[in-house]
Amino acid sequence: MSLEFRSKKEIVYDLLRDNILKGKYKPGSRLVIDDLASKLNVSQIPIREAIRQLEADGFVTTEPYVGATVTQIDANFIYEVFALLESMEIIGSRSACRVMSDEQLETLVQMTAEMDQVVTKPDEWSNQNKAFHLYICEIAQTDLVMKMMQKVFDHWDRLRLHYLQDVSANRILEAQDQHKQLLEAFIQCDPDEVERIIREHNQRALQSYIQHLESEGHLVPTTDGGQ
């Protein structure tokens, strides 16, 4: 049996990224290369390489005389996150609608049914939700979109952890209903209806989160409900 080879840099990257996404490394906290090398029992080289990759992905900021720190996260970031997710989901879903096989559609139906079983477990549901949308990109063979979407989902996880952990659970039932509408549009092979549902799915979620962030004082209320 062959095992997937992973370099020290990849192992360190995954560990640091996971700690950032789970909030173990707080926004603004320093990532000291010597300390990390000692703690992880590796040389400085894979630490530096991993930090450079994390910086390219937007999770780490490096400044002169300060070094590497976990990137701060601002509530206004929600506008960018949802704009990117909506655009990428539309690209992937429209493409998938044209090429989806009956077997692939059945897999999406099964994934949705499994998500129904964890609607009271927001973190588990969120992970399955990501897998659902990424699988649609896999069906569409939009590989670049899928890679970009994975990173945006990671940033969404940070935003949800720091600002929306409680309120995100309230969106699950409505989101599940919209997933089932999306499945019906796939069955009908209707890419225009797929796009409509994706837009509604994202815009309703965004407005719900904006209202919560405004009520908590994290966003300044606007007269038009947007930026």
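Since this is a predicted model, take the numbers as computed values, not measurements. (Residues numbered from 1 in each chain as written. Predicted model: local features only at pLDDT ≥ 70, side-chain atom pairs only at ≥ 80, totals over all residues. Heavy atoms only, no water.)

Caption draft 1: Looking closely at the side chain of H201. Mapped onto the secondary structure, H201 falls in helix 9 (residues 191-215). H201 gets classed as buried once you look at its relative accessible area, which sits at 11%. Of note is the side chain of H201, whose polar atom sits 2.6 Å from the side chain of Q178. Residues contacting H201, with those up to four places away along its chain left out, are E89, H133, R171, A175, Q178 and H179. (Helix = DSSP H or I, 4+ residues; strand = E, 2+ residues; numbered from the N terminus. Buried < 20%, exposed > 50% of the residue type's maximum accessible area, 1.4 Å probe, protein only. Polar contact = N/O pair within 3.5 Å; in protein donor to acceptor, adjacent residues only side chain to side chain. Contact = heavy atoms within 4.5 Å.)

Caption draft 2: Region of the structure containing the packing of aromatic side chains. Per the stated rule, a full pass over the model turns up 3 aromatic pairs. Aromatic side chains F82 and W156 sit 5.4 Å apart centroid to centroid with 80° between the ring planes, which places their arrangement in the edge-to-face category. Residue F82 is found in helix 4 (residues 77-99), and its partner W156 is found in helix 7 (residues 143-164); the two are separated by 74 residues along the sequence. Relative accessible area serves as the criterion here: at 8%, F82 is assigned to the buried category. According to the relative accessible area criterion, W156 is buried, its value standing at 9%. These aromatic residues form a ring-pair network of at least three members: F82, W156 and Y209. (Phe/Tyr/Trp six-rings, centres within 6.5 Å; stacked < 30°, edge-to-face > 60°.)

Caption draft 3: Layout of the pairing of strand 1 (residues 60-63). Bridging between strand 1 and strand 2 (residues 67-70) involves 4 bridges; their strand directions are antiparallel. If you follow V60 over to strand 2, its bridge partner there is V70. Connecting strand 1 to the next strand, strand 2, in antiparallel fashion are 3 residues, including Y65 with a positive phi near 70°. (Pairing = 2+ DSSP bridges.)

Caption draft 4: How the structure looks around unusual backbone geometry. Phi at Y65 is positive, roughly 70°, even though this residue is not glycine. Take Y65: it is sitting in the loop between strand 1 and strand 2. In this structure Y65 comes out as exposed when scored by relative accessible area, which is 89%.

Caption draft 5: Spotlight on the state of the cysteines. For the coordinates displayed, the defined rule picks out 0 disulfides. C137 takes part in no disulfide bond, and the closest cysteine sulfur to it belongs to C97, at a distance of 14 Å. For C137, a relative accessible area of 1% translates into the label buried. C97 supplies the cysteine sulfur nearest to C189, a cysteine that is in no disulfide, at a spacing of 5.5 Å. (Disulfide = S-S within 2.5 Å.)

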